[in-house]
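Take a look at the letters that make up each chain.
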Amino acid sequence: MAKLQAIRGMNDILPGQSLTWQYLESCFHRVVQRYGYQEIRFPVLEQTQLFKRSIGEVTDIVEKEMYSFDDRNGDNLSMRPEGTAGCVRAADQHGLLYNQQQRLWYAGPMFRHERPQKGRYRQFHQFGVEAFGMAGPDIDVELLQLAAQLWQELDIAEFLTLEINNIGSAADRKAYGAELTAFLESRKENLDEDASKRMYSNPMRVLDSKNPQVQEALEGAPELAAFVSQESIEHYAMLRAMLTELGIAFRENARLVRGLDYYNNCVYEWTTDTLGAQGAVCGGGRYDGLVAQLGGKPTLAAGFAIGVERLVLMLDSLEKVPAEALHPVDIYVLSVGKVAPSLGLQVAAELRQKYPQLGIVSHCGGGKYNSQIKKAFNSGASLAVVLEAGQDGDNAAVDVKIRRLGDSDESRDVALTDLTTQIAEFL
Ligand code: AMP
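Here goes a summary of the coordinates provided. What you see is a predicted model, and the numbers here were worked out from it, not measured in a lab.

## Some thoughts on the pairing of strand β16 (residues 411-414)
Bridge count for strand β15 (residues 399-404) against β16 is four bridges, and the pairing is antiparallel. Residue pairing for β16: I402 is matched across the bridge by R412. Linking β15 to β16, which pair antiparallel, is a turn of six residues.

Here it is, written out as structure tokens:
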């Protein structure tokens, strides 16, 4: 019978790889904790309506990429394609938003039916950070500072560029949209089917068209910048000044609009050219209208999401994962010959108690010295403890040896009772 395979675009993360993931997760947890953000967990499945109302009906994600289905009750549900909508839904449902300030983070899998390629998957993972109840731009800058700190801790800051743009308030965008629709109507013979449809429902999405003929028709189109209100301009100017004062470098990119409808004012992306085509590692901005759009009281909000797989690719290709993070095992305990069956487990337990930060494996399943020491090397441990006995179950007659497994094969015979102290000289 043919073996079943994982679904295309959905990756298994195997033990060798998961060490990089754990390293990344621990850095992220440390940074958000140091900034006073608290974790929120919400379901992978939500009502499809939640995503339609937040991300927008006329967006690639909602039109083409969601995993949606009717469940057994006939409710239309979707696997979450991103975290912000679910985070807002959960926080509002449980009364965390009204008249309060919140700093929240989440992590977990997201699902989009995109064409898989390097750095783009159908199940991928995000770390997200959301802040509620603060007008900014101080909180916007704090969020960027937090991301910059993470890049620094991961030692990849020099490979990332912050791009920012001001997309104006919802009202600015509405006024701009009306003007853009009028412009597109005047060019309608040159638009394709997609653009002809979108010019009424979401004219700004026409700007992203990959069709060269549509791009040509866009020549001379009105620009969003001309519609951005004074208030929004001031917010953005202050944000830039604060970034400069804090030494966070950025580049302005007028084409950066983001593919989700809920953003307003400042939006941003951190990009890298170390990953090829999928260079966006983190994206976010303000979304002051979203909570009300989902039925809550108007609540100021801002946040970003980081693509975990892309960071993992970066860390691996730039060899930025510290060696100690890639070696979960420090000491491997061998039991050779007729050692009492529980002695290896007991010695390992004593070592774990004395050195709680170390990973200690006790060999199980028997076997000759040669096969056990091979497993010790393969485990990545830097030390082996060899327990060897000739007589049946007599711990008093066990020879105990500490042996280095690296370039040097230095070893020392020790008494069983001295092992936990003597091994300190090898660590
Ligand atoms: P977005 O809000 O869509 O810009 O997503 C935020 C971040 O998630 C992006 O900057 C990417 O790093 C990551 N991301 C988005 N879609 C995918 C995907 N299909 N596969 C892997 N990572 C993704």
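Moving on from the coordinates now.
## Quick word on the packing of aromatic side chains
Taken as a whole and judged by the stated rule, the model has eight aromatic pairs. Relative to Y106, the ring of F42 has its centre 5.4 Å away and its plane inclined at 65°; by these criteria the two rings are edge-to-face. Pair noted here: F42 is in the loop between β1 (38-39) and β2 (45-47) and Y106 is in strand β5 (residues 102-111), with a separation of 64 residues, a long-range link. When the ring of F132 is compared with that of Y287, the centres are 6.2 Å apart and the planes differ by 85°; the resulting orientation is edge-to-face. With a gap of 155 residues between them, F132 in strand β6 (residues 123-132) and Y287 in the loop between β10 (280-286) and α11 (290-293) connect regions that are remote in the sequence. What makes F132 buried here is its relative accessible area of 0%. Through a chain of ring-to-ring contacts, the aromatic side chains of F132, Y262, Y263 and Y287 assemble into a single cluster.

## Digging into the packing of helix α5 (residues 138-153) against helix α10 (residues 230-245)
Packing of α5 against α10 leaves a shortest axis separation of 9 Å and a crossing angle of 40°. With respect to α10, the element α5 is oriented oblique. α5 and α10 meet at a crossing whose hand is right-handed. Note on element contacts: α10 touches α5 through H235, L239, M242 and L243, opposite D138, D140, V141 and L144. Along the lines of polarity and charge, the residues of the contact of α5 with α10 split into five nonpolar, one polar and two charged.

## Some remarks on α10
With 16 residues, α10 should reach 22 Å at 1.5 Å per residue; the first-to-last C-alpha distance of 22 Å fits that figure. Contact partners of the buried residues in α10: α5, β7 (161-166), α6 (170-186), β8 (251-252), β9 (264-271) and β10. In the segment just after α10, G247 is the residue with positive phi, at about 75°.

## Things to note about empty space enclosed by the protein
On inspection of all chains with the given rule, the structure shows one cavity of 30 Å³ or more. Its boundaries defined by the atoms lining it, the largest cavity holds a volume of some 30 Å³. Looking at the largest cavity, the residues that line it are N11, I13, W21, Q123, H125 and E309. Of the residues belonging to the lining of the largest cavity, the class tally is two nonpolar, three polar and one charged.

## Topic: the nonpolar core
Residues I40, F132 and L184 are the most contacted members of the largest nonpolar core, which totals 48 residues. Ranked by residues supplied to this core, first place goes to helix α4 (residues 84-93) with five residues. Core analysis: the next-biggest nonpolar cluster, separate from the first, contains 47 residues, A148, I156, V312 and M314 among them.

## Points about the side chain of E309
When you line up the elements, E309 lands in helix α12 (residues 308-317). It is R310 that comes nearest to the buried, bridge-free E309 among opposite-charge side chains, at 7.3 Å. The residues touching E309, leaving out its near neighbours within four places in the chain, are W21, Y121, Q123, F124 and H125.

## Examining the site of the ligand
Contacts to the ligand come from 15 residues, most closely from R112, E114, Y121, R258 and A280. Within the backbone of V281, one N or O atom sits 3.2 Å away from an oxygen atom of the ligand. Here an oxygen atom of the ligand sits 3.4 Å away from a polar atom, N or O, in the main chain of C282. Expressed as a share of its isolated accessible area of 480 Å², the protein-covered part of the ligand is 92%. Looking at side-chain class alone, the shell around the ligand contains seven nonpolar, three polar and five charged residues.

Thresholds, definitions, all that
Residues numbered from 1 in each chain as written. Predicted model: local features only at pLDDT ≥ 70, side-chain atom pairs only at ≥ 80, totals over all residues. Heavy atoms only, no water. Pairing = 2+ DSSP bridges. Helix = DSSP H or I, 4+ residues; strand = E, 2+ residues; numbered from the N terminus. Phe/Tyr/Trp six-rings, centres within 6.5 Å; stacked < 30°, edge-to-face > 60°. Buried < 20%, exposed > 50% of the residue type's maximum accessible area, 1.4 Å probe, protein only. Axes fitted to C-alpha atoms, helices over the stretch in contact; angles between N-to-C directions. Parallel < 35°, antiparallel > 145°, perpendicular 65-115°, else oblique. Left-handed = near helix turned anticlockwise from the far one by under 90°. Contact = heavy atoms within 4.5 Å. Nonpolar A, V, L, I, M, F, W, Y, C, P; charged D, E, K, R; others polar. Expected span 1.5 Å × (residues − 1). 1 Å grid on protein atoms, 1.4 Å probe; cavity = no way out; pocket = protein on both sides within 12 Å on 5 of 7 lines; lining within 4 Å. Points joined across faces, edges and corners; volume = space filled by probe spheres on them. Core = buried A, V, L, I, M, F, W, Y, C linked by side-chain atoms within 4.5 Å. Lys, Arg positive; Asp, Glu negative; His and termini not counted. Salt bridge = Lys/Arg side-chain N within 4 Å of Asp/Glu carboxyl O. Near = heavy atom within 4 Å. Polar contact = N/O pair within 3.5 Å; in protein donor to acceptor, adjacent residues only side chain to side chain. Areas by Shrake-Rupley, 256 points an atom, 1.4 Å probe, with all protein chains shown as cover.

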